[in-house]
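Reading the structure
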Amino acid sequence: MTSLRKIGLFDSGFGGLSVMREVRRLLPAEDLVYFADSAHCPYGAKPVEVIRERAYAICDFLISQGVKLIVIASNTTSAAALEAVREKYNMPVIGVEPAVKPAAAVTVNGKIGVIATGVTLVGERFNSLVKRYGTGLQIYAQPCPGLVEIVESGRWDNEETEGLISGYLDKLLAKGVDTIILGCTHYPFLRPLIEKLVGKDIKVIDSGEGVARQVARVLGNGFPEGNIRLAGSESFFTSGNPKFVEPVLALLWGKQGLQVTKKEI
Ligand code: DGL
(Lines give C-alpha, C1' and ligand atoms only; values in the text may rest on other atoms or scores of the structure.)
Protein backbone atom coordinates (compact mmCIF):
# COMPACT_ATOMS: atom_id res chain seq x y z
CA MET A 1 0.00 0.00 0.00
CA THR A 2 2.97 2.36 0.51
CA SER A 3 3.77 4.63 -2.40
CA LEU A 4 5.74 7.77 -3.10
CA ARG A 5 2.69 9.87 -2.31
CA LYS A 6 2.70 11.81 0.95
CA ILE A 7 1.07 11.47 4.33
CA GLY A 8 -1.04 14.55 5.17
CA LEU A 9 -1.56 15.74 8.74
CA PHE A 10 -3.44 18.72 10.12
CA ASP A 11 -4.56 20.48 13.26
CA SER A 12 -5.98 23.86 14.26
CA GLY A 13 -2.37 24.94 14.78
CA PHE A 14 0.95 23.25 15.44
CA GLY A 15 -0.14 20.88 18.24
CA GLY A 16 -0.46 18.09 15.69
CA LEU A 17 3.33 18.15 15.34
CA SER A 18 3.38 16.05 18.52
CA VAL A 19 1.72 13.33 16.42
CA MET A 20 3.82 14.05 13.34
CA ARG A 21 7.09 13.60 15.27
CA GLU A 22 5.97 10.10 16.25
CA VAL A 23 5.02 9.34 12.63
CA ARG A 24 8.45 10.63 11.55
CA ARG A 25 10.20 8.46 14.16
CA LEU A 26 8.41 5.33 13.00
CA LEU A 27 8.36 6.04 9.26
CA PRO A 28 11.56 7.93 8.42
CA ALA A 29 11.25 7.53 4.65
CA GLU A 30 7.73 8.91 4.21
CA ASP A 31 7.13 12.39 2.83
CA LEU A 32 4.97 14.37 5.25
CA VAL A 33 2.84 17.44 4.59
CA TYR A 34 1.42 19.39 7.53
CA PHE A 35 -1.32 22.01 7.52
CA ALA A 36 -1.77 24.31 10.53
CA ASP A 37 -5.10 26.15 10.46
CA SER A 38 -3.53 29.01 12.40
CA ALA A 39 -6.02 31.63 11.15
CA HIS A 40 -8.85 29.69 12.81
CA CYS A 41 -7.05 28.44 15.93
CA PRO A 42 -8.21 27.45 18.52
CA TYR A 43 -11.00 25.06 17.51
CA GLY A 44 -11.75 23.99 21.09
CA ALA A 45 -14.81 26.18 21.68
CA LYS A 46 -16.09 26.37 18.09
CA PRO A 47 -19.36 24.76 16.95
CA VAL A 48 -18.93 21.24 15.61
CA GLU A 49 -20.32 22.29 12.18
CA VAL A 50 -17.63 24.97 11.81
CA ILE A 51 -14.84 22.51 12.69
CA ARG A 52 -16.27 20.01 10.19
CA GLU A 53 -16.24 22.61 7.39
CA ARG A 54 -12.63 23.49 8.20
CA ALA A 55 -11.74 19.80 8.11
CA TYR A 56 -13.31 19.39 4.64
CA ALA A 57 -11.46 22.45 3.29
CA ILE A 58 -8.13 21.25 4.67
CA CYS A 59 -8.62 17.67 3.42
CA ASP A 60 -9.40 19.05 -0.07
CA PHE A 61 -6.12 20.96 0.09
CA LEU A 62 -4.09 17.99 1.34
CA ILE A 63 -5.54 15.81 -1.41
CA SER A 64 -4.50 18.46 -3.96
CA GLN A 65 -0.96 17.98 -2.56
CA GLY A 66 -1.05 14.29 -3.45
CA VAL A 67 -1.55 12.60 -0.10
CA LYS A 68 -2.32 8.89 0.21
CA LEU A 69 -3.48 9.01 3.83
CA ILE A 70 -4.73 11.76 6.15
CA VAL A 71 -4.08 12.01 9.87
CA ILE A 72 -6.45 14.32 11.73
CA ALA A 73 -3.80 15.22 14.29
CA SER A 74 -6.32 16.77 16.65
CA ASN A 75 -8.61 15.23 19.26
CA THR A 76 -11.05 18.11 18.87
CA THR A 77 -11.32 17.78 15.09
CA SER A 78 -11.50 14.00 15.33
CA ALA A 79 -14.35 14.35 17.84
CA ALA A 80 -16.18 16.77 15.55
CA ALA A 81 -15.44 15.43 12.10
CA LEU A 82 -13.67 12.06 11.84
CA GLU A 83 -16.73 10.06 10.75
CA ALA A 84 -17.87 12.78 8.34
CA VAL A 85 -14.41 13.03 6.75
CA ARG A 86 -14.16 9.24 6.41
CA GLU A 87 -17.52 9.19 4.69
CA LYS A 88 -16.64 11.99 2.30
CA TYR A 89 -13.16 10.92 1.12
CA ASN A 90 -12.10 7.73 -0.51
CA MET A 91 -8.82 7.32 1.36
CA PRO A 92 -7.63 6.14 4.77
CA VAL A 93 -8.25 8.76 7.46
CA ILE A 94 -6.80 8.24 10.94
CA GLY A 95 -7.96 10.29 13.92
CA VAL A 96 -6.72 10.92 17.44
CA GLU A 97 -8.63 10.19 20.62
CA PRO A 98 -7.72 10.47 24.29
CA ALA A 99 -5.66 7.43 25.33
CA VAL A 100 -8.29 5.95 27.66
CA LYS A 101 -7.49 2.34 26.78
CA PRO A 102 -3.72 2.62 27.51
CA ALA A 103 -4.48 4.59 30.69
CA ALA A 104 -6.90 1.90 31.85
CA ALA A 105 -4.07 -0.62 31.41
CA VAL A 106 -1.61 1.27 33.61
CA THR A 107 -3.69 2.84 36.39
CA VAL A 108 -3.23 1.16 39.74
CA ASN A 109 -5.91 2.88 41.81
CA GLY A 110 -8.46 3.11 38.98
CA LYS A 111 -8.63 6.92 39.03
CA ILE A 112 -7.77 8.64 35.76
CA GLY A 113 -7.78 12.32 34.82
CA VAL A 114 -8.23 13.54 31.25
CA ILE A 115 -7.26 17.03 30.15
CA ALA A 116 -8.56 18.15 26.75
CA THR A 117 -10.66 20.79 25.03
CA GLY A 118 -14.36 21.19 25.76
CA VAL A 119 -15.39 19.88 22.32
CA THR A 120 -13.42 16.67 22.87
CA LEU A 121 -14.78 16.03 26.34
CA VAL A 122 -18.46 16.46 25.47
CA GLY A 123 -18.13 14.50 22.23
CA GLU A 124 -19.68 11.13 21.50
CA ARG A 125 -16.24 9.60 20.74
CA PHE A 126 -14.90 10.35 24.21
CA ASN A 127 -18.09 9.15 25.88
CA SER A 128 -18.02 5.89 24.02
CA LEU A 129 -14.32 5.39 24.91
CA VAL A 130 -15.22 5.84 28.57
CA LYS A 131 -18.08 3.36 28.21
CA ARG A 132 -15.88 0.82 26.43
CA TYR A 133 -12.73 0.96 28.57
CA GLY A 134 -13.76 2.73 31.75
CA THR A 135 -15.78 0.01 33.44
CA GLY A 136 -14.90 -0.04 37.13
CA LEU A 137 -12.72 3.06 36.77
CA GLN A 138 -13.31 6.65 37.80
CA ILE A 139 -12.50 8.99 34.94
CA TYR A 140 -12.41 12.73 35.61
CA ALA A 141 -12.59 15.09 32.64
CA GLN A 142 -10.98 18.50 32.92
CA PRO A 143 -11.28 21.07 30.11
CA CYS A 144 -8.26 23.39 29.89
CA PRO A 145 -9.12 26.64 28.12
CA GLY A 146 -6.08 28.72 27.22
CA LEU A 147 -3.46 25.96 26.90
CA VAL A 148 -3.69 25.64 23.10
CA GLU A 149 -3.08 29.40 22.74
CA ILE A 150 -0.07 29.17 25.09
CA VAL A 151 1.56 26.43 22.99
CA GLU A 152 0.81 28.42 19.81
CA SER A 153 2.53 31.45 21.35
CA GLY A 154 5.69 29.40 21.91
CA ARG A 155 6.06 30.79 25.45
CA TRP A 156 5.19 28.62 28.43
CA ASP A 157 8.23 29.01 30.61
CA ASN A 158 6.60 31.57 32.92
CA GLU A 159 4.66 31.84 36.16
CA GLU A 160 1.28 32.66 34.59
CA THR A 161 1.33 29.47 32.51
CA GLU A 162 2.43 27.43 35.49
CA GLY A 163 -0.40 28.95 37.55
CA LEU A 164 -3.02 28.22 34.89
CA ILE A 165 -1.93 24.60 34.42
CA SER A 166 -1.59 24.00 38.18
CA GLY A 167 -5.17 25.17 38.61
CA TYR A 168 -6.39 22.49 36.18
CA LEU A 169 -4.12 19.72 37.45
CA ASP A 170 -4.86 20.40 41.13
CA LYS A 171 -8.53 19.61 40.52
CA LEU A 172 -7.53 16.18 39.21
CA LEU A 173 -4.96 15.59 41.94
CA ALA A 174 -7.64 16.41 44.53
CA LYS A 175 -9.63 13.45 43.16
CA GLY A 176 -6.64 11.18 43.76
CA VAL A 177 -5.86 10.29 40.13
CA ASP A 178 -2.68 8.27 39.51
CA THR A 179 -2.78 8.68 35.70
CA ILE A 180 -3.35 11.75 33.54
CA ILE A 181 -4.23 11.58 29.85
CA LEU A 182 -3.10 14.41 27.58
CA GLY A 183 -6.24 14.50 25.42
CA CYS A 184 -5.15 17.35 23.15
CA THR A 185 -2.25 17.12 20.74
CA HIS A 186 -0.90 20.49 21.90
CA TYR A 187 -0.35 19.26 25.46
CA PRO A 188 2.63 16.89 24.88
CA PHE A 189 4.68 20.06 24.34
CA LEU A 190 3.79 21.00 27.92
CA ARG A 191 4.65 17.53 29.25
CA PRO A 192 7.88 18.54 31.09
CA LEU A 193 5.96 21.26 32.93
CA ILE A 194 2.98 18.98 33.61
CA GLU A 195 5.25 16.22 34.92
CA LYS A 196 7.05 18.70 37.16
CA LEU A 197 3.72 19.90 38.57
CA VAL A 198 2.15 16.49 39.20
CA GLY A 199 5.29 14.74 40.48
CA LYS A 200 6.90 11.49 39.46
CA ASP A 201 4.27 9.18 40.95
CA ILE A 202 1.62 10.22 38.42
CA LYS A 203 1.74 8.61 34.98
CA VAL A 204 1.24 10.99 32.05
CA ILE A 205 0.02 9.44 28.79
CA ASP A 206 -0.59 10.75 25.28
CA SER A 207 -1.80 9.25 21.99
CA GLY A 208 1.01 10.17 19.56
CA GLU A 209 2.85 6.87 19.41
CA GLY A 210 -0.35 4.85 19.09
CA VAL A 211 -1.48 6.97 16.16
CA ALA A 212 1.91 6.56 14.46
CA ARG A 213 1.66 2.78 14.87
CA GLN A 214 -1.80 2.86 13.32
CA VAL A 215 -0.44 4.85 10.34
CA ALA A 216 2.34 2.28 9.89
CA ARG A 217 -0.18 -0.57 10.08
CA VAL A 218 -2.44 0.98 7.46
CA LEU A 219 0.52 1.63 5.15
CA GLY A 220 1.85 -1.88 5.66
CA ASN A 221 4.99 -0.69 7.50
CA GLY A 222 6.97 -0.62 4.28
CA PHE A 223 9.33 1.69 2.47
CA PRO A 224 7.86 3.76 -0.35
CA GLU A 225 7.75 1.41 -3.31
CA GLY A 226 10.73 1.20 -5.64
CA ASN A 227 12.78 3.66 -3.65
CA ILE A 228 14.55 2.78 -0.42
CA ARG A 229 15.27 6.23 0.95
CA LEU A 230 16.66 7.13 4.32
CA ALA A 231 14.90 10.43 4.89
CA GLY A 232 11.52 11.61 3.71
CA SER A 233 10.69 15.29 3.30
CA GLU A 234 8.52 17.57 5.41
CA SER A 235 6.52 20.49 4.10
CA PHE A 236 4.47 22.92 6.15
CA PHE A 237 1.47 25.09 5.28
CA THR A 238 -0.57 27.55 7.32
CA SER A 239 -3.72 29.61 6.88
CA GLY A 240 -2.07 32.19 9.17
CA ASN A 241 0.89 34.51 8.77
CA PRO A 242 4.11 32.55 8.08
CA LYS A 243 6.18 35.31 9.67
CA PHE A 244 4.43 34.77 13.02
CA VAL A 245 4.21 30.99 12.93
CA GLU A 246 7.70 30.10 11.67
CA PRO A 247 9.41 30.69 15.05
CA VAL A 248 6.81 28.48 16.77
CA LEU A 249 7.28 25.75 14.17
CA ALA A 250 11.07 25.94 14.68
CA LEU A 251 10.60 25.57 18.42
CA LEU A 252 8.10 22.70 18.29
CA TRP A 253 9.72 20.77 15.44
CA GLY A 254 13.18 21.43 16.84
CA LYS A 255 14.76 22.69 13.64
CA GLN A 256 15.65 26.22 12.54
CA GLY A 257 15.06 27.77 9.14
CA LEU A 258 11.93 25.83 8.18
CA GLN A 259 9.64 27.49 5.69
CA VAL A 260 5.89 27.66 6.08
CA THR A 261 3.84 28.41 2.99
CA LYS A 262 0.71 30.52 3.35
CA LYS A 263 -2.43 28.91 2.00
CA GLU A 264 -5.75 30.64 2.46
CA ILE A 265 -8.54 28.11 2.40
N1 DGL B 1 -4.66 20.04 19.12
C2 DGL B 1 -6.09 20.10 19.17
C3 DGL B 1 -6.62 18.87 19.90
O4 DGL B 1 -5.97 17.84 19.94
C5 DGL B 1 -6.52 21.42 19.78
C6 DGL B 1 -7.69 21.98 19.08
C7 DGL B 1 -7.97 23.42 19.41
O8 DGL B 1 -8.59 23.71 20.44
O9 DGL B 1 -7.60 24.26 18.61
O10 DGL B 1 -7.71 18.87 20.40
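Residues numbered from 1 in each chain as written. Predicted model: local features only at pLDDT ≥ 70, side-chain atom pairs only at ≥ 80, totals over all residues. Heavy atoms only, no water.

1. Examining the environment of Leu69
The topology assignment puts Leu69 in strand β3 (residues 67–72). When its relative accessible area of 0% is taken as the criterion, Leu69 is described as buried. Along the sequence, Leu69 and Ile7 sit 62 residues apart, while their C-alpha atoms lie 5.2 Å from each other. Here Leu69 is in contact with Lys6, Ile7, Gly8, Met91, Pro92, Ile94, Val215, Val218 and Leu219, once residues within four sequence places are set aside. (Helix = DSSP H or I, 4+ residues; strand = E, 2+ residues; numbered from the N terminus. Buried < 20%, exposed > 50% of the residue type's maximum accessible area, 1.4 Å probe, protein only. Contact = heavy atoms within 4.5 Å.)

2. Re unusual backbone geometry
Looking along the chain, the bond that leaves Cys41 and enters Pro42 is cis, with omega of 5°. Inspection of the secondary structure assignment puts Pro42 in the loop between β2 (32–36) and α2 (48–64).

3. What to know about the site of the ligand
Around the ligand, the surrounding shell holds 13 residues, and the nearest of these are Ser12, Tyr43, Thr76, Thr185 and His186. Residue Ser12 places a side-chain N or O atom 2.6 Å away from an oxygen atom belonging to the ligand. Between the ligand and Asn75 there is a distance of 2.8 Å, counted from an oxygen atom to a backbone nitrogen or oxygen. Look at the ligand: alone it shows 300 Å² of surface, and the protein chains cover 99% of it. When the residues that make up the shell around the ligand are grouped by side-chain class, the tally is four nonpolar, eight polar and one charged. (Near = heavy atom within 4 Å. Polar contact = N/O pair within 3.5 Å; in protein donor to acceptor, adjacent residues only side chain to side chain. Areas by Shrake-Rupley, 256 points an atom, 1.4 Å probe, with all protein chains shown as cover. Nonpolar A, V, L, I, M, F, W, Y, C, P; charged D, E, K, R; others polar.)

4. Comments concerning the pattern of salt bridges
Taken as a whole and assessed by the stated rule, the structure comprises 11 salt bridges. Residue Asp37 is joined to Arg54 by a salt bridge in which the shortest nitrogen-to-oxygen separation is 2.8 Å. On the criterion of sequence distance, the pair formed by Asp37 in the loop between β2 and α2 and Arg54 in helix α2 is long-range, its members being 17 residues apart. Grouping residues by exposure puts Asp37 and Arg54 together as buried. Between Lys196 and Glu162 there is a salt bridge whose closest N-O contact spans 3.3 Å. One end of the pair, Lys196, is in helix α9 (residues 191–198); the other, Glu162, is in helix α8 (residues 159–174), and 34 residues separate them in sequence. Owing to a relative accessible area of 54%, Lys196 belongs among the exposed residues under this scheme. Several salt bridges share partner residues, and in doing so they unite Glu83, Glu97 and Arg125 into one network. (Salt bridge = Lys/Arg side-chain N within 4 Å of Asp/Glu carboxyl O.)

5. Let's talk about the sheet that holds strand β10 (residues 260–262)
Judged by pairing direction, the sheet is parallel, and its six strands sit side by side in the order β4-β3-β1-β2-β9-β10 without closing on themselves. Of all the strands in the sheet, the pair left with one neighbour each is β4 (93–94) and β10. As defined by bridge partners, β2 adjoins strand β9 (residues 234–238) across five bridges and the pair is classed as parallel. Within β9, the residue paired with Val33 across the bridge is Ser235. Seen against the sheet, α2 touches β1 (6–11), β2, β3 and β9 and runs at an angle of roughly 155° to β1. (Pairing = 2+ DSSP bridges. Axes fitted to C-alpha atoms, helices over the stretch in contact; angles between N-to-C directions.)

6. Examining helix α3 (residues 75–88)
Across its 14 residues, α3 extends 19 Å between first and last C-alpha, which sits within 8% of the 20 Å expected from 1.5 Å per residue. Where α3 bends most, the angle comes to about 65°, and this point is Ala81. Of the residues making up α3, those classed as buried are Asn75, Thr76, Thr77, Ser78, Ala80, Ala81, Leu82, Ala84 and Val85. The inward-facing, buried residues of α3 abut β1, α2, β3, β4, α5 (118–122) and α6 (124–133). N-capping of α3 is provided by Ser74, with a side-chain oxygen placed 3.3 Å from the backbone N of Thr76. (Expected span 1.5 Å × (residues − 1). Bend = angle between axes of the 7 residues up to and from the residue.)

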